[in-house]
Amino acid sequence: MPQAEDFYRQMVRLRAVENELTKLSQTGQLRGSLHLCQGQEAVPAGACAALRKDDYLTCTYRGHGYVLAKGLDLDLVLREILGKASGLCKGKGGKMHLFDPEFGLLGTNGIVGGGVGTAVGAALASWIDGKDQVALTVFGDGTLNQGHVSECFNMAALYKLPVIFLCENNLYAEMTPLERSHGNTDLCARVAGFGIKTDKCDGNDPFLVYDAVHKAVERARKGEGPTFIEAMTYRTIGHYQADPGTQYRTPEEIAQWKEKSPISKLEKVIGNAAEAIREEEENRVSEAMQSALKQPDPSPTHALTEVFA
Ligand SMILES: Cc1ncc(C[n+]2csc(CCOP(=O)(O)OP(=O)(O)O)c2C)c(N)n1
Ligand SMILES: [Mg+2]
């Protein structure tokens, strides 16, 4: 079981990465959409601590925190996000296609629910090959309304596949609140209908996320089948860089959740040691980003190598 300091380190590293990316996006040095997960940091920190290096992982466009918490190299990840030739995928993937089979990482994904089928497929392969690797797939509350995700739930339940469905319920899908898009807002009840064991936890507490995922991983490794975990959390910023996040949510609601921010909650537990850890991570991330910015872009002559289409 990781210690409070370990979780704190993961979360402040992630926050430091996001602060650096925000600056680059605002100055035009980072192009394209930027989906951040401020306020949700405890979910990746807690979940990845319960996985082995060779367990499979798929995540969303908000998945860079999982990638780092799974143990991937900070320099390689930042260089990839900036599209550099020395990045994790030679600059061809970017933030929404971070991929590394050595770490079981089967991709961050810009398609809502895109990683769910991949994870179920990986779990099926693990089961057929008689291996004990499990697959964890992360997605948001809105993703439950994707048709193929229901097919994935059914198949995972039917074959008792070693897959963990981790749902970050941050109460909104883009700008749409949960109750405007779900006929039944009890997400665990919906998934239980498929014959899948469900669990709900405070997604702003890395210890509770770890506990829930750890139990689900144990079950999956023993051949007891899939688990759906609903981690209750909240993004305290907008959906992406162009969304202030304030037009469809009240200032009171945002303030309430900021008080429950996992980083400040853990700061109170750790006390004095927190500042040193935070400074260390901020310096490390800032140096890695400066180095990443100086890296060369991929050569146009490599545009058609290592691609399928
Ligand atoms: C198949 C598909 N449909 C629509 C979109 C546009 N889109 C991007 S994020 C998003 C909301 C997803 O909400 P949720 O699953 O709750 O995840 P969150 O963003 O809250 O983490 C939508 C509709 C998309 N990327 N892919
Ligand atoms: Mg959501």
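**Examining the site of ligand 1**
Turning to step 1, where the next piece is worked out: The full set close to ligand 1 counts 16 residues, and V112, G140, G142, T143 and A173 are the nearest of them.
Turning to step 2, where the next piece is worked out: A class-by-class count of the residues in the shell around ligand 1 yields five nonpolar, seven polar and four charged.

**As for the nonpolar core**
Looking at soluble globular proteins, one finds that nonpolar side chains tend to be buried together.
Turning to step 1, where the next piece is worked out: Ranked by internal contacts, the top residues of the largest apolar core, which has 77 residues, are V163, I164, V213 and I229.
Turning to step 2, where the next piece is worked out: With residues up to four places along the chain from it excluded, the contact list for V213 reads G46, A47, A50, I164, L166 and I229.

**Overview of the sheet that holds strand β2 (residues 135-140)**
Turning to step 1, where the next piece is worked out: Spatially, the five strands line up as an open sheet ordered β1-β2-β3-β7-β6, and their pairing is parallel. With one partner strand each, in any of the chains shown, β1 (56-58) and β6 (197-202) form the two edges of the open sheet. Along the sheet, successive strands turn relative to each other by an average axial angle of 20°, direction set aside.
Turning to step 2, where the next piece is worked out: The pairing of β6 with strand β7 (residues 227-232) spans six bridges and is classified as parallel. Bridge pairing in β7 links K200 to E230.
Turning to step 3, where the next piece is worked out: Contacting β1, β2 and β3 (163-169), helix α5 (residues 114-128) runs over the sheet at an angle of about 165° to β2.

**Digging into the pairing of β2**
Turning to step 1, where the next piece is worked out: Among the six residues in β2, six count as buried, and that is most of the element.
Turning to step 2, where the next piece is worked out: Across three bridges, β1 lies against β2 in parallel orientation. Paired with L57 across the bridge in β2 is L136.
Turning to step 3, where the next piece is worked out: Sheet topology note: the β2/β3 ladder contains six bridges and is parallel. The residue bridging L136 from the neighbouring strand is I164, located in β3.
Turning to step 4, where the next piece is worked out: Following the backbone out of β2, through helix α6 (residues 147-158) and into the adjacent parallel β3, one traces a crossover that is right-handed.

Scoring rules and cut-offs
Residues numbered from 1 in each chain as written. Chains lettered and ligands numbered in written order. Predicted model: local features only at pLDDT ≥ 70, side-chain atom pairs only at ≥ 80, totals over all residues. Near = placed C-beta within 6 Å. Nonpolar A, V, L, I, M, F, W, Y, C, P; charged D, E, K, R; others polar. Core = buried A, V, L, I, M, F, W, Y, C linked by C-beta atoms within 7 Å. Buried ≥ 20, exposed ≤ 12 C-beta atoms within 10 Å, placed from the backbone. Contact = placed C-beta atoms within 7 Å. Pairing = 2+ DSSP bridges. Helix = DSSP H or I, 4+ residues; strand = E, 2+ residues; numbered from the N terminus. Axes fitted to C-alpha atoms, helices over the stretch in contact; angles between N-to-C directions. Right-handed = clockwise from strand over helix to strand, strands pointing away.

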